[in-house]
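Chains, contacts and geometry: an overview
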Amino acid sequence: MKSTGNHAIVIGGSLGGLFTGIMLRSIGWEVDIYERSAHTLDSRGGGIVLQPDVIEAFGRAGVTYEAPLGVVAQERYYLNPDGSIAQRMPMRQTLTSWNLLYSSMRRHFPAEHYHQGKLLTNIQHNGEQVMAIFADGTRQIGDLLIGADGPNSTVRQLFVPDAHYQYAGYVAYRGLVNEAELEPDAAALFTERFVFYQFPNSHILQYVIPGENESLVPGKRRFNWVWYVNYDQATELPRILTDKEGRRRDYAIPPGMIAPAVEEEMRVYANRVLAPPFLDLSPV
Ligand SMILES: Cc1cc2nc3c(=O)[nH]c(=O)nc-3n(C[C@H](O)[C@H](O)[C@H](O)COP(=O)(O)OP(=O)(O)OC[C@H]3O[C@@H](n4cnc5c(N)ncnc54)[C@H](O)[C@@H]3O)c2cc1C
């Protein structure tokens, strides 16, 4: 694509920033991405359902991939409380991982234009251009600035200071289990299927995703589970979002940091309500 001579500054180097970056480059823009984290982001991703617009965006941007972009599930199962199958529904879907999408785009986006350890702190208009100001004192000028800096966006705070995200009413617990480590009966039920178990105020689901190093080889992939639990915002959520060091988190707790009392409460709850195959999957 011939260069338009236009230059975009993208704040945030996760999925949103990379998608924006590869799409703008595909129409001839020069793009620099600025990510506050000094480390590669690819170590803690779980599962993501691969939606058609991702494939379309990859196609338009010329992102190439040798293997399929994920694991194909042919059907959905809904379970009864005893673990038997209540309903089967044919539904072909590709399930992928956050890591695979992130890594595919990182490989496609020029490394010299992806800048890590760059925390945006302010933005100034500069005539027809925009200036990004970073915590390390550096400044960058561009024709367009895109805020792809996530739920606590600095860009949004600068332009729409009164906008705040709202609690949706539920918390999602999630985890990964290596394919080879799951009990065989549960593994046979879950493999290459999207499986759900619904019960009052909650549901849990699982699907298989690529494993370490984006592996799609049977036996080397991972079971990805997500357990949605409704909590009252005023009386329950603050306790759930306080990590094991007593720090109140905004909206997510990193792996290994859930408070022991909350973890124990989830074990008791799991033993009380989960259908058997899901008990094998979640660490209870
Ligand atoms: C490491 C990681 C793993 C994730 N794994 C999953 C997953 O497995 N499944 C899932 O469904 N969702 C996952 N998410 C959550 C998130 O919902 C998805 O990435 C989603 O697609 C949203 O992408 P996003 O780019 O809009 O925002 P985010 O993924 O939240 O990315 C925002 C980025 O902006 C950066 N940033 C924030 N403020 C600044 C600033 N002032 N200056 C510069 N950079 C800034 C952040 O460091 C971050 O990298 C993950 C997020 C991260 C960061």
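What you see is a predicted model; the values in this text were computed from it and never measured.

Near the ligand lie 24 residues; those nearest to it are Ser 14, Gly 16, Glu 35, Gly 46 and Trp 98. The backbone of Gly 46 places a nitrogen or oxygen atom 2.3 Å from an oxygen atom of the ligand. Taking Gly 47, its main chain carries an N or O atom lying 3.5 Å from a nitrogen atom of the ligand. Listed by contribution, the elements that provide at least two residues to the shell around the ligand are helix H1 (15-26), strand S2 (30-35) and strand S3 (47-49).

Time to look at the packing of aromatic side chains. For the structure shown, the criterion picks out 13 aromatic pairs. Ring centres of Tyr 78 and Phe 196 lie 5.0 Å apart, and the angle between their planes is 15°; this geometry places the pair in the stacked category. Here Phe 196 lies in strand S12 (residues 193-199) and Tyr 78 lies in strand S4 (residues 71-79), a separation of 118 residues in the sequence. Between the aromatic rings of Trp 227 and Tyr 269, the centroid separation amounts to 5.3 Å while the plane-to-plane angle is 20°, which identifies the pairing as stacked.

Where strand S8 (residues 129-134) meets strand S9 (residues 139-142), four bridges bridge the pair, whose relative direction is antiparallel. The residue of S9 that forms the bridge with Ala 132 is Gln 140. Between the end of S8 and the start of S9, which pair antiparallel, lie four residues, with Gly 137 showing a positive phi angle near 90°.

Cut-off values and rules
Residues numbered from 1 in each chain as written. Predicted model: local features only at pLDDT ≥ 70, side-chain atom pairs only at ≥ 80, totals over all residues. Heavy atoms only, no water. Near = heavy atom within 4 Å. Polar contact = N/O pair within 3.5 Å; in protein donor to acceptor, adjacent residues only side chain to side chain. Helix = DSSP H or I, 4+ residues; strand = E, 2+ residues; numbered from the N terminus. Phe/Tyr/Trp six-rings, centres within 6.5 Å; stacked < 30°, edge-to-face > 60°. Pairing = 2+ DSSP bridges.

Without other data, these values stay purely geometric and don't point to any function.
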